[in-house]
Amino acid sequence: MKYVISNGFTFIGKVQPPYATQHRIVNSLDEAVRFDTKDKAEQFAADLNPSYHYRVYSEDSELLRRNG
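All figures in this text were calculated on a predicted structure; none of them were measured in a lab.

Student: Got a minute to help me understand the overall build of the protein chain in this structure?
Tutor: Counting its secondary structure elements, the protein chain contains 2 helices and 4 strands. N-terminal to C-terminal, the α/β element order of the protein chain is β-β-β-α-β-α. Per-residue burial for the protein chain yields a buried fraction of 37% across its 68 residues. Considering only contacts within the protein chain whose residues lie at least 6 apart along the sequence, 59% involve residues at least 24 apart.

Student: In this structure, what is going on with the packing of aromatic side chains? I would like to understand it.
Tutor: For any two aromatic rings, the description comes down to two numbers: the centre-to-centre distance and the angle of the planes. Taken as a whole and assessed by the stated rule, the structure comprises 2 aromatic pairs. Aromatic side chains Tyr52 and Tyr54 sit 5.8 Å apart centroid to centroid with 90° between the ring planes, which places their arrangement in the edge-to-face category.

Student: Mind showing me how you'd approach the pairing of strand 1 (residues 3-6) here?
Tutor: The side chains of a regular strand alternate, first on one face of the sheet and then on the other. Side chains of strand 1 alternate between two faces, with Tyr3 and Ile5 and Val4 and Ser6 buried alike. Where strand 1 and strand 4 (residues 55-58) come together, 4 bridges link them in antiparallel fashion. Within strand 4, the position partnered with Ile5 by the bridge is Val56.

Student: Please clarify how unusual backbone geometry should be interpreted in this entry.
Tutor: Excluding glycine, most residues fall at negative phi; most peptide bonds, likewise, are trans. For His53, which is not a glycine, the phi torsion comes out positive at approximately 60°. Position of His53 among the secondary structure elements: in the loop between helix 1 (38-46) and strand 4. Residue class for His53 comes out exposed when judged on its relative accessible area of 60%.

Student: How should the pattern of salt bridges be read in this particular structure?
Tutor: Side chains that differ in sign of charge can pair as their charged atoms come close. Scanning the entire structure with this criterion turns up 3 salt bridges. Across the pair Asp36 and Lys2 runs a salt bridge whose closest N-O atoms are separated by 2.4 Å. Here Asp36, found in the loop between strand 3 (23-26) and helix 1, pairs with Lys2, found in the segment before strand 1; they are 34 residues apart in sequence, far enough to count as distant.

Student: I tried to follow the side chain of Ser28 on my own but got confused; where do I start?
Tutor: Mapped onto the fold, Ser28 is located in the loop between strand 3 and helix 1. Within the local environment of Ser28, its side chain forms a polar contact with the backbone nitrogen of Asp30, the two atoms lying 3.1 Å apart.

Student: For this particular structure, what's the right way to read the nonpolar core?
Tutor: General note: in soluble globular proteins, nonpolar side chains tend to be found buried as a group. Of all hydrophobic cores here, the largest spans 10 residues; its members are Tyr3, Ile5, Ile12, Val33, Phe35, Ala41, Ala45, Leu48, Tyr54 and Val56. Only strand 1 and helix 1 provide two or more residues apiece to this core. Beyond its immediate chain neighbours, meaning those up to four positions away, Ile12 contacts Ile5, His23, Arg24, Val26, Ala32, Val33, Phe44, Leu48 and Tyr54.

Analysis parameters
Residues numbered from 1 in each chain as written. Predicted model: local features only at pLDDT ≥ 70, side-chain atom pairs only at ≥ 80, totals over all residues. Heavy atoms only, no water. Helix = DSSP H or I, 4+ residues; strand = E, 2+ residues; numbered from the N terminus. Buried < 20%, exposed > 50% of the residue type's maximum accessible area, 1.4 Å probe, protein only. Contact = heavy atoms within 4.5 Å. Phe/Tyr/Trp six-rings, centres within 6.5 Å; stacked < 30°, edge-to-face > 60°. Pairing = 2+ DSSP bridges. Salt bridge = Lys/Arg side-chain N within 4 Å of Asp/Glu carboxyl O. Polar contact = N/O pair within 3.5 Å; in protein donor to acceptor, adjacent residues only side chain to side chain. Core = buried A, V, L, I, M, F, W, Y, C linked by side-chain atoms within 4.5 Å.

Here it is as structure tokens:
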């Protein structure tokens, strides 16, 4: 199972090299960064601005299928 970071409406997406350590906000689940473990996703999410209200979800979450 893979994990994504979302606030229920937008997702964290990857920026292409050479900026691979940065992120961008994307509107589609298809463009979201997939994390192999929930721990890795939570660690990445902890570094985001708390006002974004992003949380970690499994990519097959019902909430994400409805909104993504």
